[in-house]
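# Chain and residue survey
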Amino acid sequence: MLSFALKRLGVAILVALTVSVITFSMIYLSGDPAMALAGEAATAEDIANIREFYGYNRPILIQYLDWLFRALQGDFGQSHYLKTDVASVIFERLPTTMLLGACAISFALILSIPLGVIAAIRPNSLIDRFALTIAVVGQAMPSFWFALTLMLWFGINWRLLPITGTASWLNFIMPSIALGYYVTPGVMRLTRAGMLEVLASDYIRTARAKGLRPLRVLFKHALRNAILPVVSLAAVQFGFMLGGSIVIETIFAINGLGFLAWESIQRADLPMMQAIVLVLSIFYILLTFLADMINAFLDPRIRVT
Amino acid sequence: MSDTTIPPAGGRPGDVILEPTPGAQLRRRIFGNTGLIIGASVLLIIFFVAAFASVISPGDPYDQVLSRKLIPPIWHDTPKATWDHPLGTDALGRDYLTRLFYGARISLFIGFAAMLISGVIGTTLGVLAGYFGGRVDMVVNFILTTRLSLPVILVALAVVSLIGSSLYVVIWVLGLLIWDRFAVVMRSATLQIRNLEFVSAAQALGCSTWRIILSEIMPNIGNHLIVVATLEMAHAILLEAALSFLGLGVQPPEPSWGLMVSEAKGLMFFDAWLITIPGAAIFALVLAINLLGDGIRDVTAPENRN
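Keep in mind that what you see is a predicted model, and the values were worked out from it rather than measured.

When its secondary structure is counted, chain B shows twelve helices and zero strands. The helix and strand sequence of chain B, counted from the amino end, reads α-α-α-α-α-α-α-α-α-α-α-α. Its C-alpha atoms put chain B at 75 × 60 × 30 Å along the principal axes. The buried share of chain B, taken over its 306 residues, is 50%. Pairs at least 24 apart in sequence give 71% of the contacts found in chain B among residues at least 6 apart. When the accessible surface of chain B is split by element, carbon and sulfur atoms take 65% of a total near 14500 Å².

Right under this line is the structure:
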């Protein structure tokens, strides 16, 4: 288990380093960063000053290492637009996005696991068809359109829920549904497939033959095994969700990381953009690492491969 | 299939055929699959609309007539609604139906082109990893993990904003970002067949590696490839819509569906149809492609349905 964990950790760190290189090289995508910062009216002297000030005249490798070591210490530099410390702004906004992500994934799991289980107990029944329809429809719905439609009906036409901001928990209902709905098809399909496979296995037949109560067989014996892949999918999807929250947060004007990312992109605030991409990527890497560990802990067969 | 006793096509009269030919079985599976038929029909209609947009459109997608702005669609019960503009006009007085028709071109083109790019990258990586295994597999796995840890929408938005937005930038950025599923599926499909007898036979005959990959492996993973290709095309279309919605995809005055929703966002409380119509169009297109993909998977590999 320990050697497996160390191996995975090594890969995770390598991936994180590669991501940091990609994130760093973003500043050179638009050509000369000093020229982009200076704007169109700048003189050659201005550009040289900016180059000197931000250290763009050093060798690229030195610039990268400098940036990396500062980032490792939690220093992502100064925001070009807000003129404040990038890290403090990010950590101010992060909890809102985490809360939204947690609500969204809870909504998705609460909706999709029971539906998946019921669909697997009665394959090809009405409920199975209904679940399948939800899955197919959910995968085809553009998230921003779904969010706007929710807003239109629940916020404007029926006046049930507040449409923007984060004033109370009511504000989180629509964004969570809009963000979480997109995850439900995958989780539901995986639960259904896992349950179908497990329910057909010998040990379930044995458990039933022993005369255990059907519900006990279902939850204690079947679901516990079928839920394993769902755990890692949920972890992965949570990571994707934080990235995808940029759309939802922009629509509902939720002051989280996604909205910050969108604002920074609008303002061409490079240090902020870089930091957000890096933070979200590292968070995703951490999540998948944890999911791997949980799976390896629960299922010893994984540790060998 | 109403009458299953009809002898399969291709059989001579008088033949007693108990088992339908493979072709007939395939046809029966295709036409028995409602999702596949619906998906293919809707996709065909949208493709037709896109191809002949200039012929069947009632107007010009860029023509602004400010005196005729915000005319509601014909099902709205107001005297303003007119058959001149069946789906009404937008805030700049452009005919909405025309823009919807031309928007189909953009969605299909971006979806298809991005899918091609990602398909080439993902299939190459996946097949190489599956065929060679070992170190190659490790390297591909590493690239894949790195790619998966980058948040797609965020990176796409950032890159597009830094390079500057255009149709081709959007296509390349999406194509370079969404190859992951191709790689995963192609890798496992290749793994499944690389140790089968016909591959070993080709190796024993001294065929070159390229020949084995191209003429022994590729034809046998083609059905998986088509299924992933449809799903990824749908994915690319959704992403393009999201990018355009956020203002960093297709730029005005082009009639991208995502951009149409974005332009109508401020008016949604008064003129909701302006966001409902283009949103429904994206939904219909993506749904059709997904149904087609699921249908192809069921038809070519019915044993994998569950």
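If you look at the biggest cluster of nonpolar residues, it comprises 168 residues, and the most contacted ones within it are Ile90, Phe144, Met195, Ile251, Phe252 and Ile276 of chain A together with Trp257 of chain B. Of the residues forming this core, the biggest block, 16 residues, is contributed by helix 12 (residues 273–300) of chain B. Setting aside residues no more than four positions away along its own chain, Trp257 of chain B makes contact with Ile46, Arg99, Leu100, Gly103, Ala104, Ser107, Pro278, Ala281, Ile282 and Leu285 of chain B. Formed by eleven residues, the second largest nonpolar core is a distinct cluster that contains Val127, Tyr131, Ile212 and Ile221 of chain B.

Let us look at the interface of chain A and chain B. Every contact between the two is made by 45 residues of chain A and, on the other side, 40 residues of chain B. Taken over both partners, the interface formed by chain A and chain B buries close to 3600 Å², and the fraction arising from carbon and sulfur atoms is 82%. Of all residues in chain A, Phe144, Trp145 and Leu148 of chain A bury the most surface against chain B, accounting for 17% of the area lost on that side. Along the contact surface separating chain A from chain B lie one salt bridge. We note a salt bridge from Arg189 of chain A to Asp294 of chain B, for which the minimum N-O separation is 3.7 Å. Where chain A packs against chain B, one counts three residue pairs in polar contact (both at pLDDT 80 or more).

A few words on the packing of aromatic side chains. A complete count under the given rule lists 15 aromatic pairs over all chains for this structure. The structure contains a cluster of three or more aromatic residues connected by ring pairs, namely Phe24, Tyr28, Tyr64 and Trp67 of chain A.

All names here are of chain B. Turning to its location among the elements, Trp83 is positioned in the loop between helix 3 (53–56) and helix 4 (96–132). For Trp83, a relative accessible area of 67% translates into the label exposed. Remark: the alpha-carbon pair of Trp83 and Pro73, spanning ten residues in sequence, is separated by 8.5 Å.

This paragraph deals with the side chain of Ser20 of chain A. Residues and elements named next belong to chain A. Considering the arrangement of structural elements, one finds Ser20 in helix 1 (residues 2–25). The exposure class assigned to Ser20 is buried, which follows from its relative accessible area of 2%. Every residue in contact with Ser20, bar those within four places of it in the chain, is listed here: Tyr64, Trp67, Leu68 and Leu278.

Attention shifts here to the pattern of salt bridges. Taken as a whole and assessed by the stated rule, the structure comprises 18 salt bridges over all chains. For Arg147 of chain B, the salt bridge goes to Asp180 of chain B, with nearest N and O atoms at 3.1 Å. Here Arg147 of chain B, found in helix 5 (residues 134–149), pairs with Asp180 of chain B, found in helix 8 (residues 180–193); they are 33 residues apart in sequence, far enough to count as distant. Residue classification places Asp180 of chain B among the buried residues on the basis of a relative accessible area of 15%. Residues joined by salt bridges that share partners form a network here, namely Arg58, Asp66, Arg70 and Asp75 of chain A.

Next up on the list: the packing of helix 7 (residues 143–157) of chain A against helix 8 (residues 173–180) of chain A. Residue and element names in this part refer to chain A. Packing of helix 7 against helix 8 brings their axes to within 9 Å, and their N-to-C directions diverge by 145 degrees. Crossing angle aside, the handedness with which helix 7 passes helix 8 is right-handed. Residues Phe146, Ala147, Leu150, Met151, Phe154 and Gly155 of helix 7 form the contact with helix 8, whose own contacting residues are Met174, Ile177 and Ala178. When the residues that make up the contact of helix 7 with helix 8 are grouped by side-chain class, the tally is eight nonpolar, one polar and no charged.

Rules used in this analysis
Residues numbered from 1 in each chain as written. Chains lettered and ligands numbered in written order. Predicted model: local features only at pLDDT ≥ 70, side-chain atom pairs only at ≥ 80, totals over all residues. Heavy atoms only, no water. Helix = DSSP H or I, 4+ residues; strand = E, 2+ residues; numbered from the N terminus. Buried < 20%, exposed > 50% of the residue type's maximum accessible area, 1.4 Å probe, protein only. Contact = heavy atoms within 4.5 Å. Areas by Shrake-Rupley, 256 points an atom, 1.4 Å probe, with all protein chains shown as cover. Core = buried A, V, L, I, M, F, W, Y, C linked by side-chain atoms within 4.5 Å. Buried area = accessible area lost by both parts, 1.4 Å probe. Salt bridge = Lys/Arg side-chain N within 4 Å of Asp/Glu carboxyl O. Polar contact = N/O pair within 3.5 Å; in protein donor to acceptor, adjacent residues only side chain to side chain. Phe/Tyr/Trp six-rings, centres within 6.5 Å; stacked < 30°, edge-to-face > 60°. Axes fitted to C-alpha atoms, helices over the stretch in contact; angles between N-to-C directions. Left-handed = near helix turned anticlockwise from the far one by under 90°. Nonpolar A, V, L, I, M, F, W, Y, C, P; charged D, E, K, R; others polar.

Shape descriptors only; they carry no functional weight alone.
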